[in-house]
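# Remarks on the overall topology
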Amino acid sequence: MFGNKKTVDPSQDLKNQPVPAGQHLLEVEDLKMYFHTEEGVVRAVDGVSYTLDRGETLGVVGESGSGKSVTAMTMMGLIPMPPGKIEGGRVTYRGHDLLNMSEEEMQRVRGNDIAMIFQDPMTSLNPVYKIGKQVGEGLRLHRGYSKAEALKRATELLDLVGIPEPEKRVNEYPHQFSGGMRQRVMIAMALACDPDILIADEPTTALDVTIQAQILELMQEMQEKNGNAIIMITHDLGVVADMADKIMVMYAGRPVEFGTADEIFYESRHPYTWGLIRSIPEAAVDEKKPLTPIHGNPPALSNLPKGCVFAPRCPYATEKCHTERPDRFETGTGHYAACHYAGDDAFVVKNAPDTSRERAVSAAVLDLDDAKGGEA
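Residues numbered from 1 in each chain as written. Predicted model: local features only at pLDDT ≥ 70, side-chain atom pairs only at ≥ 80, totals over all residues. Heavy atoms only, no water.

Empty space within the largest pocket amounts to approximately 730 Å³. If you go around the largest pocket, you meet 29 residues; those closest to its centre are Arg110, Gly111, Glu137, Gly138 and Met189. Counting residues per element, the ones that place at least two in the lining of the largest pocket are helix H2 (103-109), strand E6 (114-117), helix H4 (131-143) and helix H7 (179-191). Counting residues per element, the lining of the largest pocket draws most heavily on H4, which supplies eight residues. Here the residues of the lining of the largest pocket sort into 18 nonpolar, seven polar and four charged. (1 Å grid on protein atoms, 1.4 Å probe; cavity = no way out; pocket = protein on both sides within 12 Å on 5 of 7 lines; lining within 4 Å. Points joined across faces, edges and corners; volume = space filled by probe spheres on them. Helix = DSSP H or I, 4+ residues; strand = E, 2+ residues; numbered from the N terminus. Nonpolar A, V, L, I, M, F, W, Y, C, P; charged D, E, K, R; others polar.)

What follows is the structure, encoded as structure tokens:
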């Protein structure tokens, strides 16, 4: 596909350029991505903002359809336009605006500076190519490796992510791998070029809890070794409880709460966040306790309710919630919640769940030492 070894100058990589003074590694400012369809305008991403630095992990949490994946794919330039259209905002990586880059420029960024692990490894891997060829593809494209060099490095990467007999497995096809193994292959592909930022889109979906714990531990080990930033996209707060530094809670395309992991678990101020916390199973020992679901369904993004988008499902909603869109209440530490009553301490104390990060971790992720012995 790539012919013979080609010359690539790594100094041209954006990740080797300094972050401008006063800026962050990644800055997302009021990003808006709408889809123009026959049914109307779908506001898939409607005003997302956050910053990220090297070594940090951001958890992006929300139900299906909340805009988590579309936000990441917009950053990566993977949304077809039309029907998609960027209606506003900026995405700045090391001082470079990703949204204004040409397709050729973005091809140099994808996989090299910013890499993404997609939701379903079986559909993300090409069934007709051997694993070694697919893992080494980015190395040949971005690093100029020869076929033999790429295969050797692919073998090392498979070993690094814990796949047994990597010399043998590198010559096998995706259907010969289990779900956990395929997810490890996806991580190996994403880490091949030592990206600055790793976007993990539901990396543990459809995996049993033992393999889930191993995958999360692997990502943390790679981050500690390489110092890269991670954006973890998930519907489960418990998944990010033990690894995220900051958490953004999204609902109907909008961020409804943002803060450090401690602030989200211990000091959350939005009813939707409370609903997500209450839906985490408790690790009960003596008795089983029922889950507390969030009643109702998310709204159609082409027909959002007037006022607060969560109001139709919120047990605390008032007339004001149904008629007026809430402003963000900020605590002064960067923690904010888009709720009319987020600044009412009495309301928060009365209704916020009794929660702890320890509960979320123990319920969602098995003890990592025990999980190491699990079969992938």
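In this structure the tally under the stated criterion is eight aromatic pairs. Seen in terms of ring centroids, Tyr251 and Tyr272 are 4.7 Å apart; in terms of plane orientation they differ by 55 degrees. Their pairing is tilted. With Tyr251 in strand E9 (residues 246-251) and Tyr272 in helix H11 (residues 271-278), this pair connects stretches of sequence that are 21 residues apart. We classify Tyr251 as buried; its relative accessible area is 1%. For the ring pair Trp274 and Phe347, a centre distance of 5.8 Å and an interplane angle of 35 degrees mean the geometry is tilted. Of the two residues, Trp274 is situated in helix H11 and Phe347 in helix H13 (residues 345-351); the sequence distance between them amounts to 73 residues. Taken individually, Trp274 and Phe347 each receive the classification buried, so the pair is uniform in this respect. Across from the ring centre of Tyr34, 5.4 Å away, lies the NZ or CZ of Arg43, which sits over that ring. Stacked on the ring of Phe177, the Lys or Arg Arg169 has its end atom at 4.3 Å from the ring centre. (Phe/Tyr/Trp six-rings, centres within 6.5 Å; stacked < 30°, edge-to-face > 60°. Buried < 20%, exposed > 50% of the residue type's maximum accessible area, 1.4 Å probe, protein only. Lys NZ or Arg CZ within 6 Å of the ring centre and 35° of its normal.)

Turning to the pairing of strand E7 (residues 197-201), a few remarks are in order. Remember that side chains alternate between the two faces of the sheet whenever the strand is regular. Most of E7 is tucked away: five of the five residues are buried. Of the strand pairs in this sheet, E6 and E7 are connected by four bridges, and their pairing is parallel. Paired with Ile114 across the strands is Ile197, a residue of E7. Note: E7 against strand E8 (residues 229-234), five bridges, orientation parallel. Within the sheet, the bridge partner assigned to Ile199 lies in E8 and is Ile231. (Pairing = 2+ DSSP bridges.)

Bringing the sheet that holds strand E1 (residues 26-37) into the picture now. One open sheet accounts for four strands, arranged E2-E1-E4-E5; its pairing is antiparallel. Strands with a single pairing partner mark the edges of an open sheet, and in this sheet they are strand E2 (40-52) and strand E5 (96-97). Relative to E1, helix H1 (residues 68-75) is tilted by about 105 degrees, and along the sheet it contacts E1, E2 and strand E4 (84-93). (Contact = heavy atoms within 4.5 Å. Axes fitted to C-alpha atoms, helices over the stretch in contact; angles between N-to-C directions.)

So, on to the sheet that holds E9. Taken in spatial order, the eight strands line up as E6-E7-E8-E3-E9-E10-E12-E11 in an open sheet, and their pairing is mixed. Of all strands in the sheet, those with a lone pairing partner are E6 and strand E11 (329-330), marking the two edges. Contacts from helix H8 (residues 209-226) reach strand E3 (57-61), E7 and E8, with the element oriented near 160 degrees to E8. Contacts from H11 reach E3, E9 and strand E10 (254-260) within the one sheet, and its direction differs from that of E9 by about 105 degrees.

Now for the state of the cysteines. Counting across every chain of the model gives zero disulfides. Here Cys308 stays unpaired: no disulfide links it, and the sulfur of Cys321, its closest cysteine neighbor, is 6.2 Å away. A relative accessible area of 11% means that Cys308 is categorised as buried. Considering cysteine sulfurs only, Cys321 is the nearest to Cys314, which forms no disulfide, with 6.2 Å between them. (Disulfide = S-S within 2.5 Å.)

Here we come to the pattern of salt bridges. The tally for this structure, following the rule as stated, stands at twelve salt bridges. Taking the shortest distance from any N to any O, the salt bridge between Arg153 and Glu156 comes out at 3.0 Å. Taken together, the residues span about one helical turn, with Arg153 and Glu156 both in helix H5 (residues 147-160) at a distance of three residues. Connected via shared salt-bridge partners are Glu29, Arg90 and Asp97. (Salt bridge = Lys/Arg side-chain N within 4 Å of Asp/Glu carboxyl O.)

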